[in-house]
Amino acid sequence: MRVPRRLTAPLLALCAAGALAASPGEALSKRDLAYRFFDTAEKCFDKRDLACALEQVRKALLTDPDMLLAEVLLGKVLLEGGNAAGAEAAAERAVTRGVAVEDLAGTLSRAQLLLGKHSQLLADARLAPPQLRGLARRQVLLARAQAQFELGRSDAALAELAQLRAEDPDNLAAALAELPVRLKLGQRREAAAAVERAVRLAPDAADARLAQAQLLQAEGAAVDAQLAALERVLAVDARHLEARLMRAQLLLQQQRWDDLRAELRLLNLDHGQDPRVAYLQALDAGQRGDRAAMTAALRRVTAQIDPQPDGQLRFRPRMLLLAGLAHFALGETDQAKSFLERYRVAQGGGAGATLLAQLYLSQRQTTAGIAALEAALAEQPRQADALNLLGQARLAAGQTEQTVALMREALRSQESPAFYTTLGRALLRQGQTNAAVQAFQGALRKDPLQAEAALALAQALAERGDAASQQRAVAVLAEQLKRQPRQQAVRLQLARLQLGAGQAAAVLPLLEAGLKLDPELHQARLMQAEAERQLGRLDAAAARLLAMVKADQLAVDACLALSALEEGRNRPAEAQALLERALAKSGPQELRPQAAQVEFLLRQRRSGEARAAAKALLVRAPDHVGALLLAARAALADRDATAARPLLVQAGRLADQDVIILAAVGRLQMSAGDASGARFTLDKAVQLQPAQTTLQRLRVEAALLAGDVADAEVRARQLVAQSPKSALGYSLLGQAALARGQTAAAIDAFAQAQRLAPGTENLLRLYAAQVGQVDPARSLGLLEQWLAQRPDDVLVRNALAESLVAHGRWADARRHYERLLQQTGANAVRNNLAEVLLQLKDPGALPLALEALKREPGNAAILDTAGWAHAVQGQHDKALPLLREARLRAPALAAVRYHLASVLAQLGRREEALQELRTALADPQAAFDRPAAQVLLQRLESQR
């Protein structure tokens, strides 16, 4: 509001009295200068240049503290700038000095509203409508109506507005104020009438046009219609804050990030400190992967809202909501809960409950989240967002069947693409891949631009594993990207699929196009580095990642990727240094660098150090399931199953109803030899998802580990009865038969599983059962026939190579190991090939073994191969330290002791050689060249 041009007579009289109080010459000089400042301030205020207005009006008051016009204007400027407390104080000073209340009624009433003093406003005798007239009365009636509305008294608010409309039928503000009240009461027809009246009164007014857009939003109109309505607002007032904020939110909803960023640049010019603008900037920074900018923007939100008094925020639910969301994104869950609880109380209905549910779910408090959503839906049963979130919550809780039922029921009344997508995810969890694919396709039929459904469909297709499905997944994402080239999430997922399919060359231009659209898409830079690595351009990959670290672009991620790259180049020291650098760059809530360090040490077979690192991680996050699982894995790697078991029990307890984590805990409990613990954990998971085949399989394996073959067989037969065309039941029956020693029955069961679902796992189980039971040529033929049709199956090729070694077919084994090394580059394959070359007396064994040793200097098996390769070439002095190191690292390996004894014997160290030979031969089950060891033992003993 600007200062009224026509002041009341009392105010003019007071101004005159103030001017006459001082000496004539001095008063005239001060008054003229002060009025110049005041006139400039008023012009700035009319232009909405609040900074200029505030500066000039303060100069006016400094020049002439008695200038009441400036005091009145100061209150108005402070109010428009959001300083309600300052505005109220300025208005009260003016009243104390004799300014009539009717000249300050608008400022006082609005300031009290913003300060949350609603009851005081309604009780303030000075602002009682009968005491006022004209503009002041209309302003107060409008403020009272808003106060009544925000106190939850909608009927009283309408009564205030009716009185205002009766006195001033052409009052635009009254028509606009009626809209939210009618919408709150669900009176859509009356709301539309209020908007129609506002537009009729002022067709070119920005606020009237904004009301049209707000009505469209409340009616759930198409986004394009809402955007068109907002364009009409901005055509009148290009800097209209509420219109630009609404437009930004719609652009965010459509994920039109470039358009949103342009909008935010405009908003930042005039309203950079508005917490709503800051929150949108945080969302944008998060999408770009700029964590520092996101955190800074979220801090601006909380800095603006946190200091505000509770009484004031009570009537500003949007601010409560923003503060809750900002604190939540910053990981400050206690503050987030406080704000969101207050938001729910202030706002009523289901919105607060839905947001609280999201907070609970993010903290894996699924039970509390489901309860909050059910409370929201009890008030608004058709609330689509809450229904869909409840489906997601039940899915997270492992309640797959309930999720499927809920989404199918929801789809009967509303064919929402989101419902189809959640249904598809639930079906996928049940193992119903085909039905899940159909659900995702249904979502895309309803809305071809539904990016989430396209991403889920591509994931479902990719998880099938066959080449045709992989190609379909790529095609789905490529088509979606063609429709929405600015959908960067689709672009990134397409790149991931192509990288997984070995199409690295296609990834680079795809991501380059994404970076042209958004230079802040740092995730794309990471993936470009991975593409360079896959193409064998390791220096180029490293250069990209180093540039990211220097520019502080996802620096932690870049350090982690660089570490993996250096580890792949067999530079463990450099890899570890980069992990430490990632840790130094990470924030207090970032656990990835420490977790990556544990994983690195486990891969390097440094189990003691891995346990120490895992322990340090647990100190930082004692109740983090991932940290507990890492600590358990480290203990198992260090051969300390006793220490792993309680960690896994705690992880299982914290997993709550998360089936994926329960399955991981169950697997590790089996590795720890805790059959009863595994059965307990997996029973819990199976109860949550009885149709999940992976869980059923693990539960049977746990029974077998416990020696309860009868239980395993009963469960396997139940699976066969439920799904006679499923291979899983027959595969589990085969495992149970093997446990009973019924090899023929096992072979029949595995053969049936392979017929129903030809695959690598079923084939290898069938082959393993046949070993020693059928002619070797026939069993090896199974593998050879499979590879003839599927030459890229590295698991079958590796099994065939090992079998050929067992049968002494060294030349054939060499051929397959060489192919495997080309396909995988795995160091274990390199070592195995070196062993085969040793058998073939090929001098190439030594350099190959040394290359393997360079990559894994602490691996006992590789130390043994390299040492024996030296020995075969007569280099016993070089062989001895390697074989001694191997024996220290793997004292239970009889082959290592035999090789060491042979070298010791060659070096004339007879007693040491005898000791190693006797220890090796003492284990009747040990697999090594026992006849040669016995010959050597006899020779050495005969030398006494």
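Reading the values: the criteria
- Residues numbered from 1 in each chain as written.
- Predicted model: local features only at pLDDT ≥ 70, side-chain atom pairs only at ≥ 80, totals over all residues.
- Heavy atoms only, no water.
- Helix = DSSP H or I, 4+ residues; strand = E, 2+ residues; numbered from the N terminus.
- Rg over C-alpha atoms; globule rule 2.2 N^0.38 Å.
- Buried < 20%, exposed > 50% of the residue type's maximum accessible area, 1.4 Å probe, protein only.
- Contact = heavy atoms within 4.5 Å.
- Lys, Arg positive; Asp, Glu negative; His and termini not counted.
- Charge placed at Lys NZ, Arg CZ, Asp CG, Glu CD.
- Core = buried A, V, L, I, M, F, W, Y, C linked by side-chain atoms within 4.5 Å.
- Expected span 1.5 Å × (residues − 1).
- Polar contact = N/O pair within 3.5 Å; in protein donor to acceptor, adjacent residues only side chain to side chain.
- UniProt positions renumbered as here; feature names shortened; annotations may be inferred.
- Disulfide = S-S within 2.5 Å.

Topic: the overall build of the protein chain
Along the backbone of the protein chain there are 55 helices and 0 strands. For the protein chain, the C-alpha radius of gyration of 38 Å lies well beyond 30 Å, the compact-globule estimate for 944 residues. C-alpha atoms of the protein chain, sized along the principal axes, occupy 135 × 65 × 50 Å. Expressed as a percentage of the 944 residues in the protein chain, the buried residues total 49%. If you take every contact in the protein chain between residues at least 6 apart in sequence, the share linking residues at least 24 apart comes to 50%. A distance of 2 Å separates the average location of the 118 positive side-chain charges in the protein chain from that of its 103 negative side-chain charges.

What about the side chain of Ser731?
With respect to the helices and strands, the residue Ser731 is situated in helix H43 (residues 727-739). Every residue in contact with Ser731, bar those within four places of it in the chain, is listed here: Phe750, Ala753, Asn762 and Arg765.

Comments concerning the nonpolar core
Grouped together as the largest cluster of nonpolar side chains are 59 residues, with contacts concentrated most on Leu545, Leu562, Leu629 and Leu648. With 9 residues, the single largest contributor to this core is helix H37 (residues 625-637). Excluding its chain neighbours within four sequence positions, the residues that come into contact with Leu562 are Ala542, Leu545, Leu546, Val549 and Leu578. Of all hydrophobic cores here, the second largest spans 58 residues; its members include Val437, Phe440, Leu497 and Ala531.

Considering helix H52 (residues 876-889)
Here H52 spans 20 Å end to end across 14 residues, near enough to the 20 Å set by a 1.5 Å rise per residue. Every buried residue of H52 is listed here: His876, Ala879, Leu880, Leu882, Leu883 and Ala886.

Thoughts on helix H47 (residues 794-806)
In this model, H47 (13 residues) spans 18 Å end to end at C-alpha, consistent with the 18 Å of a helix rising 1.5 Å per residue. Val796, Arg797, Ala799, Leu800, Ala801, Ser803 and Leu804 are the residues of H47 that are buried. Packed against the buried residues of H47 are helix H45 (760-770), helix H46 (776-789) and helix H48 (810-824). Put simply, Asp793 is the residue that caps the front of H47, since its side-chain oxygen is 3.3 Å from the backbone nitrogen of Leu795. Positive phi appears at Gly808, one or two residues downstream of H47, with a value of about 70°.

Some thoughts on the UniProt feature "repeat: TPR" (unreviewed entry) in the protein chain
The UniProt entry lists residues 417-450 and 727-760 under the feature "repeat: TPR" (unreviewed entry), expressed in the numbering used here. Spanning residues 417-450, this segment combines 79% helix with 0% strand, and its end C-alpha atoms are found 7 Å apart. Helix makes up 82% of residues 727-760 and strand 0%, and the two end C-alpha atoms of the span are 12 Å apart.

Some remarks on the state of the cysteines
Tallying each qualifying case throughout the model produces 1 disulfide. Across the disulfide from Cys44 sits Cys52; the S-S distance is 1.9 Å.

A closer look at the environment of Arg464
Tracing the sequence through the fold places Arg464 in the loop between helix H27 (451-463) and helix H28 (467-483). The exposure class assigned to Arg464 is partly exposed, which follows from its relative accessible area of 31%. With 31 residues separating them along the chain, Arg464 and Thr433 place their C-alpha atoms 8.1 Å apart. The contacts of Arg464, once residues within four sequence positions are left out, are Thr433, Asn434, Val437, Ser469 and Arg472.

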